[in-house]
Amino acid sequence: MSKFYFSNKNIIITGAADGLGKAISDELYDKRNNLFCVDIDEKKLKSLQIKNPSIKIFKTNLSNLKDTENLIKELEKLNIKFDVLINCAGYEIGSLINEVPEEEFYKNFNCNFFSPFLLIKFFIQNSISEHKKKIINMVSDTAFRAIPTRTSYCSSKAALNSLTESLRLELKIFNIDVINVIPPKLDTNFFKKIKYFGKLNLDKIYYSDSRPFYSHIKFSKQVIKETEKGKMFIYVFSITKLFTFLNYLLPKVADILVEKLSSWKKIKRKI
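Now for a description of the structure that goes with this document.

Parameters at a glance
- Residues numbered from 1 in each chain as written.
- Predicted model: local features only at pLDDT ≥ 70, side-chain atom pairs only at ≥ 80, totals over all residues.
- Heavy atoms only, no water.
- Helix = DSSP H or I, 4+ residues; strand = E, 2+ residues; numbered from the N terminus.
- Buried < 20%, exposed > 50% of the residue type's maximum accessible area, 1.4 Å probe, protein only.
- Patch = residues over 30% accessible without salt bridge, like charges linked within 9 Å, V, L, I, M, F, W, Y side chains within 5 Å.
- Areas by Shrake-Rupley, 256 points an atom, 1.4 Å probe, with all protein chains shown as cover.
- Salt bridge = Lys/Arg side-chain N within 4 Å of Asp/Glu carboxyl O.
- Expected span 1.5 Å × (residues − 1).
- Contact = heavy atoms within 4.5 Å.
- Polar contact = N/O pair within 3.5 Å; in protein donor to acceptor, adjacent residues only side chain to side chain.
- Core = buried A, V, L, I, M, F, W, Y, C linked by side-chain atoms within 4.5 Å.
- Axes fitted to C-alpha atoms, helices over the stretch in contact; angles between N-to-C directions.
- Parallel < 35°, antiparallel > 145°, perpendicular 65-115°, else oblique.
- Left-handed = near helix turned anticlockwise from the far one by under 90°.
- Nonpolar A, V, L, I, M, F, W, Y, C, P; charged D, E, K, R; others polar.
- Pairing = 2+ DSSP bridges.

### Observations concerning unusual backbone geometry
Right, so step 1: Of note in the backbone geometry, asparagine 79 takes a positive phi value of approximately 55° without being a glycine.
Right, so step 2: Within the secondary structure, asparagine 79 is located in the loop between helix H3 (65–77) and strand S4 (84–87).
Right, so step 3: In this structure asparagine 79 comes out as exposed when scored by relative accessible area, which is 70%.
Right, so step 4: Although it is not a glycine, lysine 204 sits at a positive phi angle of roughly 55°.
Right, so step 5: Within the secondary structure, lysine 204 sits in the loop between helix H6 (199–202) and helix H7 (216–228).
Right, so step 6: What makes lysine 204 exposed here is its relative accessible area of 54%.

### Observations concerning a nonpolar patch on the surface
Right, so step 1: A contiguous nonpolar surface patch, about 540 Å² in accessible area, is contributed by Phe233, Tyr235, Phe237, Ile239 and Leu242.
Right, so step 2: Here tyrosine 235 shows up in strand S9 (residues 233–235).
Right, so step 3: On the basis of relative accessibility, which here comes to 34%, the residue tyrosine 235 falls in the partly exposed class.

### Section: H3
Right, so step 1: Helix length check: H3, at 13 residues, gives a terminal C-alpha distance of 18 Å against a target of 18 Å (1.5 Å per residue), a fit within 8%.
Right, so step 2: Check the buried side of H3 and you find it contacts strand S1 (10–14), strand S2 (34–39), strand S3 (56–59) and helix H4 (102–126).
Right, so step 3: Where H3 begins, the capping side chain belongs to asparagine 64, and its oxygen is found 2.9 Å from the backbone nitrogen of lysine 66.
Right, so step 4: One or two residues past the end of H3 sits asparagine 79, with phi positive at roughly 55°.

### Thoughts on the nonpolar core
Soluble, globular proteins show a tendency: their nonpolar side chains are buried together.
Right, so step 1: Grouped together as the largest cluster of nonpolar side chains are 33 residues, with contacts concentrated most on Ile12, Leu71, Leu75, Phe82, Leu85 and Ile135.
Right, so step 2: Mapped onto this core, the elements with two or more residues apiece are S2, H3, H4, helix H5 (151–170) and strand S7 (176–182).
Right, so step 3: With 7 residues, H4 is the largest single contributor of residues to this core.
Right, so step 4: Judged by nonpolar contacts, the second largest core, of 28 residues, contains Ala16, Leu35, Ile55 and Val84.

### Regarding the packing of H3 against H4
What describes two packed helices is the angle between their axes and the distance between those same axes.
Right, so step 1: Relative to each other, H3 and H4 sit at 25°, their axes nearing to 10 Å. It follows that H3 is roughly parallel to H4 by the angle criterion. Pair H3 / H4 crosses with right-handed handedness. Residue-level contacts link Leu65, Thr68, Glu69, Leu71, Ile72, Leu75 and Glu76 of H3 to Asn110, Phe114, Ser115, Leu118, Leu119 and Phe122 of H4.
Right, so step 2: Residues belonging to the contact of H3 with H4 are distributed by class as follows: 8 nonpolar, 3 polar and 2 charged.

### Looking at the pairing of strand S6 (residues 133–138)
Right, so step 1: By the criterion of burial, S6 is predominantly enclosed, with 6 of the 6 residues buried.
Right, so step 2: Taking every second residue as pointing to the same face, both faces of S6 are buried, with Lys133, Ile135 and Asn137 on one and Lys134, Ile136 and Met138 on the other.
Right, so step 3: Where S4 lies against S6, 4 bridges are found, and the strand directions are parallel. Its bridge partner lying in S6, isoleucine 86 is registered against isoleucine 136.
Right, so step 4: Sheet analysis places S6 next to S7, joined by 6 bridges and oriented parallel. Looking at the pairing, methionine 138 lines up with valine 181 of S7.

Function-wise, these values are silent; they only describe arrangement.
Here's what the structure looks like:
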């Protein structure tokens, strides 16, 4: 098996201007890679480019598939063969299922699943076949155990997890590794950006999570290091990981724990 190093690689990374995506972008830039950074926040993208002058930036709203299709057209025009695709962009909405606006549900799925799917198809068609390549998908613990009022996020991440697992064997024939990354609870703005609808928004019942925060800088280094080592499943061990396995073994017990320990206990009183 040929060694893989993050050096002089052509890399597409979504969600590159903030949080974990930015940390990974900074690490990869320092390793002298050619970065093609995608994000919805143009201001932060430009700040990233000021810090890392040689990167190319693409303002794209991945929750709008037309925007994603336009991004792919822009990337095609560059006539560049890519080595790595990192699907890091994602966001979450909170709502009871009967109160979530359908359009918002679709947008959440577009960003978290359908845009990664379209970028993966593009990547397969435009990568260098004779060299090892990598697709890195940021999934979630909620792909393995969904929680109430987070239906669109959990479902979209479960779909991305299934896609990742399906492609792991399928893309071996193209010399492409497909890597499943399960981040811990990171010290980023992710939870502050959750969009709430219906009673959750009116009553200001926001996400609560008692898990300690984990450094997104530290985790970005882990993702890069373990990808170079050929790991296919990257995570930080925690009690949450054990709980996701419990969900499959004892689903009723898992339901009881979710009800007692999550925001759901407080939310259902308002319904």
